[in-house]
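# Chain and residue survey
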Amino acid sequence: MDKAVVTIRLFGNISVAAPDGTDITPRPMKAQALIALLATGRDQRRSRAWLQDRLWSDRSPKQASGSLRQALHDLRKALGDHAHILRTSRSAVELDRTTTKLIDHDSAPASETEFLAGIDVRDPEFNNWLRDMRAHYEAQVDLTTPHLKPGSRSSRLLLSLVSVGSEDNDLNLLEAILLENIQRSLREFFDVEFTLGLPSLAQASLSPGTNFVVRVQGMKTLQGLSWMRASLESAGSLHCHWTQTVPIADNEHANSENLSCESLTHRLVAAFAELLLDERVISAAKTSTDADILAAGALRRMFTMRDDEVGAAEHLLREAMALRPRGLYHAWQAQALSIRHVEQQTRDVLSLREEADAHIRYALESEPMNSNVLAAAANARLIFDNNVLLSSALARQAVALNRSNPLSWFAWANANLYGGHPERAYAAAVTAQALGASSSLEFWTSFQRALSAAVAGKLHEALSYAAVSNALAPSFRPPLRYLAGIATSLGRVPDAVRALDRLSEIEADFSVDRMVNDPAYPVSMMRRANLLKPEELSSLF
């Protein structure tokens, strides 16, 4: 005989019904929220710490723990004879999946499609979660259709791709390859529509601030040297916002794996992201709440790896998802959570892992051919699961999809570092650094080159690139940690002292003892390379 089940509806007003149809929905809003949080968890299970963070984020851990116990008491009381569906342990709470039935989005009546309609829980973390979930279910209605909210852009970004052309067939081919790279990379990052050739005057006058021209031109000097130029212009005025010219080596002609063109591609994409954040462009486009702009701002903040900036990035990404749900934004949320874990910005690792896993699953389902999604997924699988095999597979696919993306190469280098392939990791890090040079990611890719060089035994090179990373981002802590260890190993005492002094200024709980003896402190590769010298470091600080 089948077990009698309790039915839970989360679309429209939340409801909980006994097997005979009797309404047993708890009256307190926090108890209703608790049901929803559990029902949407993996295996209908959540850690106690995660629940406390979502419902009592403004209280101390002790107070939040007591509030959760009270909410569980209220919930059991409302469930009455069916309280057995609620299972608890010292660390987690779950619903019995064998005696509960969840009415999913597709089965909800057409009039009841809003997730948790009418719920009112006064906690910012719960409301952030609620916003993300609503965006997720809206996206499932039609993943191919943008869900624009009031204040978002009424038309997509429009980029006209222009190849100037020349009498040299090899240069013409490189122009075509470069435009293909640019189109692929811009589409991965932004909601953008492309046309070939210059727009008409009528087209160019439409939507100022959202209509641009990307122009590429191959050139050859009298001495026979080849160069490639790319520029980013406003369609109406042809005002040039950005331009750069790079040399093309002889062995790069007619080569689809062309580092010069790949580097130029990333620099243009980075310049376009910065352009979107330009207040003058935002003002002209009247799109200050546009998802692309919010996401570009989030990316800029996230890679600082500072607690406050990572938090700001997460907030911007939630706002972006509410405007236009994309798998990419979920992938970047997972990247932010990975950073939080590495930098020990929270002690609730189980909650971070659960959140990251949910974001990655959604991102891979909706944008499986986006190299940014794959790269973020590769990093998350490595950091949270220590799954080198899966991380390597995802990173390899990211590189195959878009060789112009330094984040793809970063993920590939990371997977190889932890997989015990230092030379392969070093080669990937060199490519990532070359692609990221002269862009907003240069400090990030320079640090990884330093890290990979250190593990490969190239200490002088490691010290040089760690110094570059530190110079570009003085508050970015990872290169300072490695500067201290590498400089000490090389006998560069003043450099090591400066790095340790700076760490003590910007890292509240920093100590050499923690750096050397705490296995959770984020210098695992320095340990692997035997660069942590306890006595020498302790004598310096």
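I will try to describe carefully the structure that is included in this document. The model shown is predicted, which means the values in this text are computed figures rather than measured ones. Residue positions are counted from 1 within each chain, in the order its sequence is given. In keeping with the model being predicted, local features are shown solely for residues with a pLDDT of at least 70 and side-chain atom pairs are shown and tallied solely at 80 or more, while totals for entire chains, interfaces and linings include all residues. The side-chain quantities take in all heavy atoms of the structure and omit both hydrogens and water.

### A look at the overall build of the protein chain
The helix count covers DSSP runs of H or I at least four residues long, the strand count covers runs of E at least two residues long, and both are numbered beginning at the N terminus. Across its full length, the protein chain holds 23 helices and eleven strands. Out of the 541 residues in the protein chain, the part that is buried amounts to 54%. Counted over contacts in the protein chain with a minimum sequence separation of 6, partners at least 24 positions apart contribute 62%. We get accessible surface area from the Shrake-Rupley algorithm with a probe of 1.4 Å; when it comes to residues, only the shown protein chains can shield them. Counting every atom, the protein chain has about 23800 Å² of accessible surface; 50% of that belongs to carbon and sulfur. Only protein chains enter the calculation, and the probe is 1.4 Å; a residue is then buried if its accessible area is under 20% of its type maximum, exposed if over 50%, and partly exposed in between. Residue contacts follow a heavy-atom distance rule, with two residues in contact if any of their heavy atoms lie within 4.5 Å.

### Regarding helix α11 (residues 327-342)
Here the expected length of a helix is defined as 1.5 Å per residue gap, with one fewer gap than residues. Taking 1.5 Å of rise per residue, the 16 residues of α11 would be expected to cover 22 Å, and the 23 Å separating its terminal C-alpha atoms lies within 8% of that figure. Among the 16 residues in α11, 14 count as buried, and that is most of the element. Two residues or fewer past α11, Q344 is found with a positive phi of approximately 55 degrees.

### A closer look at the packing of α11 against helix α12 (residues 349-366)
Under this scheme, a helix contributes an axis fitted over its contacting stretch, all axes are lines through C-alpha atoms, and angles between N-to-C directions fall in the 0 to 180 degree range. For the pair α11 and α12, the least separation of the axes is 8 Å and the interaxial angle reads 155 degrees. The orientation of α11 relative to α12 falls into the category roughly antiparallel. Read as a crossing pair, α11 and α12 show a hand that is left-handed. Contact residues: G327, H330, A331, Q333, A334, L337, R340 and H341 in α11; V349, L352, E355, A356, H359, I360, Y362, A363 and S366 in α12. Only Asp, Glu, Lys and Arg are considered charged, only Ala, Val, Leu, Ile, Met, Phe, Trp, Tyr, Cys and Pro nonpolar, and every remaining residue, Gly among them, polar. For the contact of α11 with α12, the per-class residue count stands at nine nonpolar, six polar and two charged. Any angle that is under 35 degrees is reported as roughly parallel, and any over 145 degrees as roughly antiparallel; angles of 65 to 115 degrees are reported as roughly perpendicular and all others as oblique. By the definition used in this description, the sense in which the near helix is turned from the far one sets the handedness, with an anticlockwise turn below a right angle giving left-handed and a clockwise turn giving right-handed.

### Things to note about the nonpolar core
Looking at soluble globular proteins, one finds that nonpolar side chains tend to be buried together. For this analysis, a nonpolar core means a set of buried residues of the types Ala, Val, Leu, Ile, Met, Phe, Trp, Tyr and Cys, connected via side-chain atoms within 4.5 Å. Counting residues in each nonpolar core, the largest one holds 126 residues, and the members touching the most others are F190 and F272. With nine residues, the single largest contributor to this core is helix α7 (residues 259-276). Apart from residues lying up to four places away in sequence, F272 is in contact with L157, L159, L186, F190, F212 and L232. Of all hydrophobic cores here, the second largest spans 39 residues; its members include L10, F11, F115 and V121.

### Some words on the pattern of salt bridges
One speaks of a salt bridge when a side-chain nitrogen belonging to Lys or Arg is within 4 Å of a carboxyl oxygen belonging to Asp or Glu. Following the criterion strictly, the structure yields 26 salt bridges and no others. As a salt-bridge pair, R131 and E319 come within 4.0 Å of each other at their nearest N and O atoms. You can see R131 sitting in helix α4 (residues 124-141) and its partner E319 sitting in helix α10 (residues 307-323), a full 188 residues away along the chain. Looking at R131, the relative accessible area reads 28%, which means it is partly exposed. For E319, a relative accessible area of 27% puts it in the partly exposed group. When salt bridges with common partners are traced through the structure, they connect R42, R353, D357, R361, R381 and D385 into a single cluster.

### As for the pairing of strand β1 (residues 6-9)
A strand pair is defined by DSSP finding two or more bridges across the two strands. Inspection of the sheet shows β1 paired to strand β6 (residues 100-103) by four bridges, in the parallel sense. Each bridged residue has a counterpart across the sheet, and for R9 the counterpart in β6 is I103. With three bridges joining them, β1 and strand β2 (residues 15-17) adopt antiparallel strand pairing. Its bridge partner lying in β2, T7 is registered against A17.

### Examining the sheet that holds β2
Pairing is mixed across the open sheet formed by three strands, whose spatial order is β2-β1-β6. Both outer strands of the open sheet, β2 and β6, are each paired with one neighbouring strand and no more. Averaged over neighbouring strand pairs, the angle between their axes works out to 20 degrees when direction is ignored.

### Details of the packing of aromatic side chains
Any pair of Phe, Tyr and Trp rings, taking the six-membered ring for Trp, is counted once the centres come within 6.5 Å. Such a pair is stacked with planes under 30 degrees apart, edge-to-face with planes over 60 apart, and tilted for the rest. One pass over the structure, following the stated rule, counts 13 aromatic pairs. When the ring of F115 is compared with that of W129, the centres are 5.8 Å apart and the planes differ by 65 degrees; the resulting orientation is edge-to-face. Residue F115 is located in the loop between β6 and α4, and its partner W129 is located in helix α4; the two are separated by 14 residues in the primary sequence. In this pair, the class of F115 matches that of W129, namely buried. Through successive ring pairs, a cluster of aromatic residues spans F303, F410, F443, W444, F447, F476 and Y482. We call a charge positioned over a ring when the NZ of a Lys or the CZ of an Arg lies within 6 Å of the ring centre and within 35 degrees of the ring normal. The ring of W50 has R46 lying over it, and the distance from NZ or CZ to the ring centre is 3.8 Å. Here the basic side chain of K458 rests over the ring of Y426, its NZ or CZ set 4.9 Å away from the ring centre.

### Thoughts on the side chain of Q52
Relative to the assigned elements, Q52 resides in helix α2 (residues 48-55). The class of Q52 is buried, set by a relative accessible area of 13%. Every residue in contact with Q52, bar those within four places of it in the chain, is listed here: S57, P61, A64, S65 and L68.

### Focus on unusual backbone geometry
Non-glycine residue L116 carries a positive phi angle of around 50 degrees. Along the chain, the position of L116 falls in the loop between β6 and α4. Looking at L116, the relative accessible area reads 0%, which means it is buried. Positive phi, normally seen in glycine, also occurs at N386, with a value near 55 degrees. In this fold, N386 is placed in the loop between α13 (371-385) and α14 (388-401).

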